[in-house]
Amino acid sequence: MTVSQHIQMSVEGMSCASCVARVTRGLSGLEGVSDVSVNLASERAQMDLDAVGRLEAVVAKLDKMGFPARRAEVVLNVASMSCASCVGRVDRVLSALPGVLEVNVNLAAETARVIYLEAAVSPEEMIAAAARIGYPATIAQAGAEEDRGARKEAEAQVLARRAVFAAAFALPVFVIEMGGHLVPAFHHWVMATVGQQTSWMLQFLLTSVVLIGPGRMFYAKGVPALLRGGPDMNSLVAVGTGAAYLYSVVATFLPGVLPAGVRAVYFEAAAVIVVLILIGRVLEARAKGRTGAAIRKLLGLRPQSATVLRDGVPEEVAIDAIRAGDILLVRPGERIAVDGTVTEGDSHVDESMITGEPLPVAKAPGDAVTGGTVNGQGSFRFRATRVGAETVLAQIIRMVEQAQGAKLPIQGLVDRITLWFVPAVMGAALATVLIWLALGADLTLALVAGVSVLIIACPCAMGLATPTSIMVGTGRAAELGVLFRKGDALQQLSGVSVVALDKTGTVTAGRPELTDLVLAEGFDRAEVLALVAAVEARSEHPIAEAIVRAAGGSLAEAGAFTSFTGYGVRARVAGHEVLVGADRLMAREGVEIAPLAGEEARLAAAGRTALYAAIDGRIAAVIAVSDPVKPSSAEAIAALHGMGLQVAMITGDKLETAEAIAREVGIDRVIAGVLPEGKVAALDDLRGEGGLAFVGDGINDAPALAHADVGIAIGTGTDVAIESADVVLMSGDLRGVVNAVAVSRAVMRNIRENLFWAFGYNTALIPVAAGVLYPAFGLLLSPMLAAGAMALSSVFVLSNALRLRRIRPVLEEARSAVAAGQPRLAAAE
């Protein structure tokens, strides 16, 4: 299927794993819809559509299934509209955005009212779309981009009020009925003063208030789902409490229908079940709100306003009103609003939120600044280059959100099980009742067992087991400077056995310096260096930059420049034909290198990158460049060894140079002399029984990053490399690889713990609820205890996932930076 767009949306009404399974199945069955991923914890669905028009069918399907996509509304002030054709153009461009459902453009009011799917599109994207066709827009009224944590807290408060109300009415019922069972004297007193029938009537009235009031939500959602043939956890609660309630009503008002031996009421079970499940929902909502803490911290790094110079006059404007090309004024201590380039003034900027480096970075005209970073004592002006959704911070937030909404391969097993879990539980409950009746048990025992099975088997914990761990884990990883661009990388990275590293810019600093220039007989040093530097000035390779820096001064113009990827370069300078490159280039061009071959081997053995230079067909010099190893590389590689991983290095350098660096930092295996296109084959040679991760930063690393099981890009590298990677390190520090592996393993361990608890809980307690222990031990699980256990299972899973917020950096230096209070991508806890 040809994918035309990837879309995500917020989905309402999901409460358990079976809901997730039904939404996934329903959307996957639509024509033109593929790769559906539904996340219970974030309440979002992601999918690929082969055409924009498919979105309408997706929204209609969700509505029909009873899980509507969350709509939002925003009003935009649109400038420059002058006629009906303007209105039509604005209408068309906004309507074409994925996720926009309805657009109403008003020429008189110069506004556009847009109804859209929350999480599928943002007001900022609408503003950018309108601006692209010449109609600048600003937000006049935003009605839906509410903070998820605040929304979940508000939801928890509503549920808490319902739980308190329900508890106030359920408590007398519980005391009257259970008090009588536990204290015989109390039972006799009730019978003597109130009487059984009056007692039952009172319980009926109080329980009815609980079910009609706070408990109505379970019936309002559960019964329609049951009638649609897709029961969910609300259906289980509705059927379970409804069965206990109706049986008790019959016993109270139609006692003759039941044999005298089984005439009993279970009003307290129905009422207390509602109370316990509401309490569980309160705790669950609050825990869900905390799972998105990392995103809220990231959003908190974005200032709400900035000072823009309009005709040279400073003006405070909302951040959404900033346009590319605007000149902004940054005062001491202010947070930089958007990405840009310094035009005037100088200062030091704390960029630790991006790079993790605690020392402020000097900024002068021409230097880039990043939105969200904090200015120091100086003041400067800068020109906005990337605004809105294009800023680095916005891209980081988007990456984290996509990773949090991803579905891991391990989730596939959960989905297959939970798809039929609720119907199977309802069948098991019915079978439990029938088997007990067939065995001669009274109706009361059979009913209690059946209701207990219904209540205890709610699959909330199963549905929350994986997504909550993903949300908390990827959020914490972002705080440590590790961005999982693709969710499945979170699982795959935990299983790798080999980590392959690119050398330049990854193990080394990527800023080589010229160390040696050994001349052949008959050549002048200054002339050779000037000619070689003139050629290398046309190249963007770091080694070329080192040679140009060493030459200094003004250089002659090089013409007829040709680059041979993996070999070297050729150009004509001041009437001379100049070749600069590896021995293989000289061999291909027929240049005899024997006079300097020994020097080249000596320099390479010393760990330096050695290149030959030939002038007019004669070997002229050997040029040695050294790229210093990053201070943290050896420590990071030692930490990877401590995790049981093998570390390899792939480089285009000569074997002697690569081995010298490998010895210095402790690398296990070296593959040298590899051309860019050969890195993919080199990765295949390294693949063993486990997975393989590759770490790189350059354009020539992009194929290898895409080919590895997990591609890890150094964030200080090129955009091409980052787009090819599964994981992005926001700094150029290899310690980020260690943290990425540590987070991946911690998250997968947490998921396995959650799944073990969720499945183990149901496996162990459903038989107990059904009464398997009753014949031997007389133990029968009360529906109230079943409700309490069910609620606690979800709270346990969420609480276990929240432990991931306490993940600490593996290496001591990184821990020290956090302890010192240096802000990273988001404030470390």
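Residues numbered from 1 in each chain as written. Predicted model: local features only at pLDDT ≥ 70, side-chain atom pairs only at ≥ 80, totals over all residues. Heavy atoms only, no water.

- In the annotation of an unreviewed UniProt entry, the protein is listed under the name Heavy metal translocating P-type ATPase and assigned to Pseudodonghicola flavimaris.

**Some thoughts on the overall build of the protein**
Okay, step 1: Broken down by element type, the protein carries 32 helices and 28 strands.
Okay, step 2: Classification of the 829 residues of the protein by burial places 54% in the buried group.
Okay, step 3: Contacts spanning at least 24 positions in sequence make up 70% of the contacts within the protein whose residues lie at least 6 apart.
Okay, step 4: Surface exposure of the protein reaches about 33400 Å², of which carbon and sulfur atoms provide 58%. (Helix = DSSP H or I, 4+ residues; strand = E, 2+ residues; numbered from the N terminus. Buried < 20%, exposed > 50% of the residue type's maximum accessible area, 1.4 Å probe, protein only. Contact = heavy atoms within 4.5 Å. Areas by Shrake-Rupley, 256 points an atom, 1.4 Å probe, with all protein chains shown as cover.)

**Observations regarding the side chain of serine 633**
Okay, step 1: Here serine 633 shows up in helix H24 (residues 633-642).
Okay, step 2: When its relative accessible area of 0% is taken as the criterion, serine 633 is described as buried.
Okay, step 3: Among the polar contacts listed, one links the side chain of serine 633 to the backbone oxygen of valine 507, at a separation of 2.7 Å.
Okay, step 4: Dropping the residues within four chain positions of it, serine 633 is found in contact with Thr506, Val507, Val665 and Leu734. (Polar contact = N/O pair within 3.5 Å; in protein donor to acceptor, adjacent residues only side chain to side chain.)

**A few points about the UniProt feature "transmembrane region" (unreviewed entry) in the protein**
Okay, step 1: Cross-referencing UniProt, the feature "transmembrane region" (unreviewed entry) maps to residues 163-186, 198-215, 236-258, 264-283, 417-439, 445-466, 755-774 and 780-798 in the present numbering.
Okay, step 2: Taken end to end, residues 198-215 has its terminal C-alpha atoms 24 Å apart, with 83% of it in helix and 0% in strand. (UniProt positions renumbered as here; feature names shortened; annotations may be inferred.)

**Details of the nonpolar core**
Okay, step 1: Membership of the largest hydrophobic core comes to 145 residues, with the highest contact counts inside it found for Met9, Met47, Phe484 and Ile667.
Okay, step 2: When residues in this core are grouped by element, the largest group, 17 residues, is from helix H29 (residues 735-770).
Okay, step 3: Here methionine 9 is in contact with Glu43, Arg44, Ala45, Met47, Leu55, Val58, Leu62, Ala69, Leu117, Glu118, Ala119 and Ala120, once residues within four sequence places are set aside.
Okay, step 4: Core analysis: the next-biggest nonpolar cluster, separate from the first, contains 41 residues, Val569, Leu585, Ala613 and Ala614 among them. (Core = buried A, V, L, I, M, F, W, Y, C linked by side-chain atoms within 4.5 Å.)

**A look at the state of the cysteines**
Okay, step 1: Tallied over the full model, the rule gives zero disulfides.
Okay, step 2: With no disulfide of its own, cysteine 16 lies closest to cysteine 19 among cysteine sulfurs, the gap being 3.6 Å.
Okay, step 3: For cysteine 16, a relative accessible area of 0% gives the class buried. (Disulfide = S-S within 2.5 Å.)

**A closer look at the sheet that holds strand S23 (residues 618-626)**
Okay, step 1: Pairing within the open sheet is antiparallel, and its six strands lie in the order S18-S23-S22-S21-S20-S19. This sheet does not close on itself; its edge strands, each paired only once, are strand S18 (513-519) and strand S19 (558-564). Strand-to-strand twist in this sheet, taken as the mean axis angle between neighbours without regard to direction, amounts to 20°. (Pairing = 2+ DSSP bridges. Axes fitted to C-alpha atoms, helices over the stretch in contact; angles between N-to-C directions.)

**Here we look at the sheet that holds strand S26 (residues 691-696)**
Okay, step 1: If you walk across this open sheet you meet the seven strands as S16-S28-S27-S26-S17-S24-S25, and the pairing is mixed. The open sheet has two edge strands, strand S16 (482-484) and strand S25 (669-671), and neither has a second partner. On average, each strand axis in the sheet is inclined to that of its neighbour by 20°, with strand direction left out of account.
Okay, step 2: Taken together, the three bridges between S16 and strand S28 (residues 727-729) define a ladder with antiparallel strand orientation. Following the sheet pairing, phenylalanine 484 is matched in S28 by valine 727.
Okay, step 3: Against the sheet, helix H26 (residues 679-686) contacts strand S17 (496-502), strand S24 (646-650), S25 and S26, and its axis sits at roughly 155° relative to S24.
Okay, step 4: Where H29 meets the sheet, it contacts S16, S17, S26, strand S27 (710-714) and S28, and its direction lies at approximately 50° from that of S16.

**Thoughts on the packing of aromatic side chains**
Okay, step 1: Per the counting criterion, the structure on display carries eight aromatic pairs.
Okay, step 2: Between tyrosine 245 and phenylalanine 267, the aromatic rings sit 5.9 Å apart at their centres with planes inclined by 70°, giving edge-to-face as the arrangement. Of this pair, tyrosine 245 sits in helix H9 (residues 233-253) while phenylalanine 267 sits in helix H10 (residues 267-291), and the two are 22 residues apart along the sequence.
Okay, step 3: The class for phenylalanine 267 is buried, based on a relative accessible area of 0%.
Okay, step 4: Ring centres 5.9 Å apart and planes at 85° place the aromatic pair tryptophan 436 and tyrosine 774 in the edge-to-face group. Within this pair, whereas tryptophan 436 is found in helix H15 (residues 421-438), its partner tyrosine 774 is found in helix H30 (residues 774-777), the two being separated by 338 residues in sequence. (Phe/Tyr/Trp six-rings, centres within 6.5 Å; stacked < 30°, edge-to-face > 60°.)

**What about the pairing of strand S11 (residues 339-350)?**
Okay, step 1: Sheet analysis places S11 next to strand S15 (residues 379-386), joined by seven bridges and oriented antiparallel. Looking at S15, one finds that threonine 341 is bridged to arginine 383.
Okay, step 2: Of the strand pairs in this sheet, S11 and strand S13 (residues 368-369) are connected by two bridges, and their pairing is antiparallel. Following the sheet pairing, glycine 340 is matched in S13 by valine 369.
Okay, step 3: Where S11 lies against strand S12 (residues 361-363), three bridges are found, and the strand directions are antiparallel. Bridging across to S12, serine 347 finds its partner in lysine 363.
Okay, step 4: Here S11 pairs with strand S14 (residues 374-375) via two bridges, running antiparallel. Bridge assignment links aspartate 350 to a residue of S14, and that residue is valine 374.

**Some points on the pattern of salt bridges**
Okay, step 1: Summed over all chains, the structure comprises 19 salt bridges.
Okay, step 2: Between arginine 54 and glutamate 31 there is a salt bridge, with its nearest N and O atoms 3.8 Å apart. Here arginine 54 is found in helix H2 (residues 54-65), whereas its partner glutamate 31 is found in the loop between helix H1 (17-28) and strand S2 (33-39), with 23 residues between them in sequence.
Okay, step 3: With relative accessibility at 24%, the residue arginine 54 sits in the partly exposed group.
Okay, step 4: In this structure, arginine 608 and aspartate 516 form a salt bridge, with 2.8 Å as the shortest nitrogen-oxygen distance. Residue arginine 608 is found in the loop between helix H23 (594-605) and strand S22 (609-615), and its partner aspartate 516 is found in strand S18; the two are separated by 92 residues along the sequence.
Okay, step 5: Via salt bridges that share partners, Arg570, Arg572, Glu577, Arg588 and Glu589 belong to a single interconnected network. (Salt bridge = Lys/Arg side-chain N within 4 Å of Asp/Glu carboxyl O.)

**Some remarks on a nonpolar patch on the surface**
Okay, step 1: A contiguous nonpolar surface patch, about 360 Å² in accessible area, is contributed by Met201, Phe253, Leu254 and Val257.
Okay, step 2: The topology assignment puts phenylalanine 253 in helix H9. (Patch = residues over 30% accessible without salt bridge, like charges linked within 9 Å, V, L, I, M, F, W, Y side chains within 5 Å.)

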